[in-house]
Amino acid sequence: MDTSATPSSPTYPVIDRVRHELKRRELTVEAIQYITPQMIRITLRGESLSDFVSLGADDHVKLVVPGANGEMEMRDYTPRSYDNESGRLVLDFAVHEAGPATKWALDAKPGSTVTVAGPRGSAVITGVSKWVLVGDETALPAIGRLIEQAGAGDVITAIGVVTDRNEEQQFASPARLETHWVHRPASAVSDPMPIIEKLDGIALTADTFVWVAAEASVARAIKTYLTTGRKHPLPWLKAAGYWTRGLADSSIKTID
Ligand SMILES: Cc1cc2nc3c(=O)[nH]c(=O)nc-3n(C[C@H](O)[C@H](O)[C@H](O)COP(=O)(O)OP(=O)(O)OC[C@H]3O[C@@H](n4cnc5c(N)ncnc54)[C@H](O)[C@@H]3O)c2cc1C
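As a starting point, this report considers the structure included with it. It should be emphasised that the depicted structure is a prediction, and the values quoted were computed from it without experimental measurement.

### Focus: the overall build of the protein chain
Line of reasoning, step 1. Across its full length, the protein chain holds four helices and 14 strands.
Line of reasoning, step 2. Expected size for 256 residues packed as a compact globule is a radius of gyration near 18 Å; at 19 Å, the protein chain falls within 12% of this value.
Line of reasoning, step 3. Each principal axis of the C-alpha distribution contributes one length, and for the protein chain these read about 70 × 45 × 30 Å.
Line of reasoning, step 4. Across the 256 residues in the protein chain, those meeting the buried criterion constitute 47%.
Line of reasoning, step 5. Once local pairs closer than 6 in sequence are excluded, the contacts in the protein chain between residues at least 24 apart make up 67%.
Line of reasoning, step 6. Total accessible area computed for the protein chain in this model is approximately 12,800 Å², and 52% of it derives from carbon and sulfur atoms.
Line of reasoning, step 7. A gap of 1 Å separates the mean positions of the 27 positive and 32 negative side-chain charges of the protein chain.

Listed below in structure tokens is the structure:
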């Protein structure tokens, strides 16, 4: 019999990838609200939402909208919240140099219709009690969900990157939450330095899960800073490029 002491197994975050049946739903705009001057919250309704499922805070659906030449285009949006019983799905749209999805949101009126596909899958993260969440306007819906669904024992540091004070959002959470806001002008959306400077002042233990989503070059620079500058372990890091400056429809779901 092996009597040697069994080392306690290292703890890692578990990321369960759950596949969902891919469904397309025809939905109707019920309500439109500017939650900040540059963030439009749209509530969609449809009976087909009765079996909508989104298990991960950073899931995405595909919004199917008309492109400039009338062809249909698809863009990724985070289900900010949903309610199967009442058949409601809420999406938040960051307003910027308008591509077809932003244009659709800007033009939407109660009664407008749209097709939403997915989510195709969910990445459910467990085994984490310490979080650092970093993201620009496009990541705030996922950051909001992550914060709101955290447990009372969780400790979260969130860094939101927006143009100015008016774009800051409030999130309620049972977790111990510290929120920092980095302000940068729209002309500097691909400058990672203000975010890295903010991160420099934030303590990071090896068992802190760092979640990053922003413009692709920014997310890449932050990942490099974390892995090389801070030696943060890769299993405790998830970085995504939610969009790429100057390129339409160009997300990088996982920055390598
Ligand atoms: C998993 C995932 C979840 C996402 N969730 C959300 C969400 O909930 N809310 C949200 O607003 N966005 C979200 N995004 C980002 C969104 O999909 C992109 O911003 C998308 O490009 C917007 O489509 P569009 O048709 O408006 O612009 P596109 O046609 O794709 O691009 C047109 C031009 O706009 C530029 N552009 C795109 N996004 C931005 C931006 N944020 N700021 C400045 N310029 C930009 C492009 O570089 C391009 O030059 C998410 C992306 C991913 C990958």
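### Considering the pattern of salt bridges
Line of reasoning, step 1. Applying the stated rule across the entire model yields 15 salt bridges.
Line of reasoning, step 2. Among the salt bridges present, the one from D58 reaches K238, with a minimum N-O distance of 2.7 Å. On the criterion of sequence distance, the pair formed by D58 in the loop between β3 (39–45) and β4 (61–66) and K238 in strand β14 (residues 237–243) is long-range, its members being 180 residues apart. Here D58 matches K238 in class, with each residue buried.
Line of reasoning, step 3. Linking K62 and D76 is a salt bridge whose minimum nitrogen-to-oxygen distance equals 2.7 Å. Here D76 lies in strand β5 (residues 72–77) and K62 lies in strand β4, a separation of 14 residues in the sequence.
Line of reasoning, step 4. Residues joined in a network through salt bridges with shared partners are R41, R80, D92 and E148.

### Section: the environment of I147
Line of reasoning, step 1. By the secondary structure assignment, I147 is in helix α2 (residues 140–148).
Line of reasoning, step 2. Apart from residues lying up to four places away in sequence, I147 is in contact with L133, I156, A158, F171, A172, S173 and L177.

### Topic: the sheet that holds strand β6 (residues 81–83)
Line of reasoning, step 1. Across the sheet, which stays open at both edges, the seven strands sit in the order β5-β4-β8-β2-β3-β7-β6 with antiparallel pairing between neighbours. Both edges of this open sheet fall to β5 and β6, since each of them pairs with a single strand only. Adjacent strand axes in the sheet meet at a mean angle of 35°, parallel and antiparallel pairs treated alike.
Line of reasoning, step 2. Two elements, β6 and strand β7 (residues 88–94), share three bridges in a ladder whose sense is antiparallel. Paired with D83 across the bridge in β7 is R88.
Line of reasoning, step 3. Strands β2 (24–36), β3, β4, β5, β7 and β8 (113–117) of the sheet are contacted by helix α1 (residues 100–107), whose axis makes an angle of about 75° with β4.

### Examining the nonpolar core
Here is a general trend for soluble globular proteins: nonpolar side chains tend to be buried in one another's company.
Line of reasoning, step 1. Counting residues in each nonpolar core, the largest one holds 24 residues, and the members touching the most others are W131, L133, I143, I147, I156, F209 and W211.
Line of reasoning, step 2. When residues of this core are traced back to their parent elements, those giving at least two are β10 (130–136), α2, β11 (155–162) and β13 (208–215).
Line of reasoning, step 3. It is α2 that contributes the most residues to this core, five residues altogether.
Line of reasoning, step 4. In this structure, this core is formed jointly by two domains, domain 1 (21–119) and domain 2 (122–243), each of which donates at least three residues.
Line of reasoning, step 5. Once residues within four sequence positions are removed from consideration, L133 is found in contact with I143, L146, I147, I156, T157, A158, I159 and W211.
Line of reasoning, step 6. In terms of nonpolar packing, the next biggest core, distinct from the first, is built from 21 residues, I159, V161, L226 and A239 among them.

### A closer look at the site of the ligand
Line of reasoning, step 1. Close to the ligand lie 26 residues, the nearest being D76, A94, T102, T244 and D249.
Line of reasoning, step 2. Between G246 and the ligand, the recorded distance is 2.9 Å, taken from a backbone N or O atom to an oxygen atom.
Line of reasoning, step 3. Relative to its unbound accessible surface of 920 Å², the ligand loses 93% to contact with the protein.
Line of reasoning, step 4. Where the shell around the ligand is concerned, the elements lending two or more residues are β5, β7, α1 and β14.
Line of reasoning, step 5. Residue classes in the shell around the ligand are distributed as ten nonpolar, nine polar and seven charged.
Line of reasoning, step 6. No fewer than three residues from each of domain 1 (21–119) and domain 2 (122–243) sit in the shell around the ligand.

### Digging into the packing of helix α3 (residues 193–200) against helix α4 (residues 216–229)
Line of reasoning, step 1. Running from N to C, α3 and α4 cross one another at 30°; their axes reach a closest spacing of 10 Å. Here α3 is positioned roughly parallel relative to α4, judged by the angle of their axes. As for how α3 packs across α4, the hand of that crossing is right-handed. Together, I195, I196, L199 and D200 of α3 and V218, A221, I222 and Y225 of α4 make up the contact between the two elements.

So, how was this worked out
Residues numbered from 1 in each chain as written. Predicted model: local features only at pLDDT ≥ 70, side-chain atom pairs only at ≥ 80, totals over all residues. Heavy atoms only, no water. Helix = DSSP H or I, 4+ residues; strand = E, 2+ residues; numbered from the N terminus. Rg over C-alpha atoms; globule rule 2.2 N^0.38 Å. Buried < 20%, exposed > 50% of the residue type's maximum accessible area, 1.4 Å probe, protein only. Contact = heavy atoms within 4.5 Å. Areas by Shrake-Rupley, 256 points an atom, 1.4 Å probe, with all protein chains shown as cover. Lys, Arg positive; Asp, Glu negative; His and termini not counted. Charge placed at Lys NZ, Arg CZ, Asp CG, Glu CD. Salt bridge = Lys/Arg side-chain N within 4 Å of Asp/Glu carboxyl O. Pairing = 2+ DSSP bridges. Axes fitted to C-alpha atoms, helices over the stretch in contact; angles between N-to-C directions. Core = buried A, V, L, I, M, F, W, Y, C linked by side-chain atoms within 4.5 Å. Domains from an automatic or database assignment. Near = heavy atom within 4 Å. Polar contact = N/O pair within 3.5 Å; in protein donor to acceptor, adjacent residues only side chain to side chain. Nonpolar A, V, L, I, M, F, W, Y, C, P; charged D, E, K, R; others polar. Parallel < 35°, antiparallel > 145°, perpendicular 65-115°, else oblique. Left-handed = near helix turned anticlockwise from the far one by under 90°.

Don't take any of this as a statement about function, it's just geometry.
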